[in-house]
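Commentary on secondary and tertiary structure
As a plain string of letters, each chain reads:
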Amino acid sequence: MIDRSMELTKNISFRLATMDDIHNLHYIESRSFSAPWPEEAFYNDIAHNRFASYVFIEVDDVQAGYCGVWIILDEAHITNIVILPEFRGRKLGEKLLCKMMCLAKDAGAKTMTLEVRVSNHIAKSLYKKLGFQEGGIRRGYYSDNKEDALVMWVNL
Ligand SMILES: CC(C)(COP(=O)(O)OP(=O)(O)OC[C@H]1O[C@@H](n2cnc3c(N)ncnc32)[C@H](O)[C@@H]1OP(=O)(O)O)[C@@H](O)C(=O)NCCC(=O)NCCS
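I will try to describe carefully the structure that is included in this document.

Reading the values: the criteria
Residues numbered from 1 in each chain as written. Predicted model: local features only at pLDDT ≥ 70, side-chain atom pairs only at ≥ 80, totals over all residues. Heavy atoms only, no water. Phe/Tyr/Trp six-rings, centres within 6.5 Å; stacked < 30°, edge-to-face > 60°. Buried < 20%, exposed > 50% of the residue type's maximum accessible area, 1.4 Å probe, protein only. Helix = DSSP H or I, 4+ residues; strand = E, 2+ residues; numbered from the N terminus. Near = heavy atom within 4 Å. Polar contact = N/O pair within 3.5 Å; in protein donor to acceptor, adjacent residues only side chain to side chain. Areas by Shrake-Rupley, 256 points an atom, 1.4 Å probe, with all protein chains shown as cover. Contact = heavy atoms within 4.5 Å. Arc of directions from axis to C-beta. Core = buried A, V, L, I, M, F, W, Y, C linked by side-chain atoms within 4.5 Å. Pairing = 2+ DSSP bridges.

Here we look at the packing of aromatic side chains
Any aromatic ring pair is given by two values, namely how distant the centres are and how the planes are angled relative to each other. If you walk through the whole model with that rule in mind, you get six aromatic pairs. Ring centres of W37 and F42 lie 5.5 Å apart, and the angle between their planes is 50°; on these two criteria the pair is classed as tilted. Classification of F42 by relative accessible area gives buried; the value is 0%. Relative to Y66, the ring of Y54 lies with its centre 6.1 Å away and its plane at 40°, an arrangement referred to as tilted. One end of the pair, Y54, is in strand 2 (residues 52-59); the other, Y66, is in strand 3 (residues 62-72), and twelve residues separate them in sequence.

Considering the site of the ligand
Close to the ligand lie 21 residues; I81, K91, N120, S125 and K129 are nearest. A distance of 3.4 Å is found between an oxygen atom of the ligand and a side-chain nitrogen or oxygen belonging to R88. When the ligand is considered free in solution it has 930 Å² of accessible area, and contact with the protein chains removes 73% of it. Elements with a minimum of two residues in the shell around the ligand: strand 4 (75-83), helix 4 (92-106), strand 5 (111-117) and helix 5 (121-129).

Some details on the side chain of N49
Position of N49 relative to the elements: it lies in the loop between helix 3 (39-48) and strand 2. N49 sits in the buried class, given a relative accessible area of 18%. Within polar-contact distance, the side chain of N49 engages the backbone nitrogen of F51 at 2.9 Å. Once residues within four sequence positions are removed from consideration, N49 is found in contact with N44 and W70.

Section: helix 5
Taken together, the buried positions of helix 5 are occupied by A123, K124, L126 and Y127. Relative to the axis of helix 5, the buried residues are bounded by an arc of 160° and lie together on one face. Of the residues in helix 5, the exposed ones pointing more than 90 degrees away from the buried face are H121, I122 and K129. The inward-facing, buried residues of helix 5 contact strand 4, helix 4, strand 5 and strand 7 (149-155). Positive phi appears at G131, one or two residues downstream of helix 5, with a value of about 100°.

Observations concerning the nonpolar core
Ranked by internal contacts, the top residues of the largest apolar core, which has 41 residues, are L97, M112, Y127 and F132. Secondary structure elements with two or more residues in this core: helix 2 (22-32), strand 2, strand 3, strand 4, helix 4, strand 5, helix 5 and strand 7. For Y127, the residues in contact, after removing those within four places along its chain, are I81, L97, L114, V116, F132 and M152.

Notes on helix 2
All buried positions along helix 2 are accounted for by I22, L25, H26, I28 and E29. Along helix 2, the residues classed as buried sweep out an arc of 160° about the axis, all on the same side. On the buried face of helix 2, the contacting elements are helix 3, strand 2, strand 3 and strand 4.

Side note on the pairing of strand 3
Counted residue by residue, strand 3 has eight buried out of eleven residues, so it is predominantly covered. In terms of strand pairing, strand 2 meets strand 3 through eight bridges, oriented antiparallel. Looking across to strand 3, one finds that S53 is bridged to V69. The hairpin turn running from strand 2 into strand 3, its antiparallel successor, is two residues long, and D60 in that turn takes a positive phi close to 50°.

What follows is the structure in structure tokens.
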């Protein structure tokens, strides 16, 4: 039987975000979070942070999601990963995170870390599927509701 998720996602590509993409990054972010990063945060990272990279996953040239990473020496840190609601459940988040792991490894990173809300079971499931392990807890890490963050990490 044909895997429907494969059928729906055959024309997939990845593209590095540039200054021209700041509005689109913020659009994807604001579709998923009640307290999205402001456009200035994306601007500062792309314009001034040489450690930061943002990558889009595109389906038939439509931006379906993005992931941000800071690579500092041998450690990569995922700042965020988001797939637009209408594109979820098609293995795009998994493909995007796999791509980021490959890019980070190629850039010399040996480990990858991230923080995730303790209540975000879907994201935690994705990370566990790709080999991330649970590290410590950062108490009250999220400023909107003071939720704890779970730190997760993986060897690349
Ligand atoms: C987390 C997110 C990026 C996953 O993207 P996605 O493209 O829908 O996920 P995929 O289709 O690639 O699924 C990969 C794995 O994620 C997990 N997953 C995805 N959707 C799930 C669901 N509804 N319930 C439980 N686990 C789920 C599963 O482990 C899945 O693997 P499986 O299909 O073999 O079970 C997406 O849900 C999203 O953008 N969420 C909002 C933003 C967010 O919370 N980002 C993380 C911040 S730390």
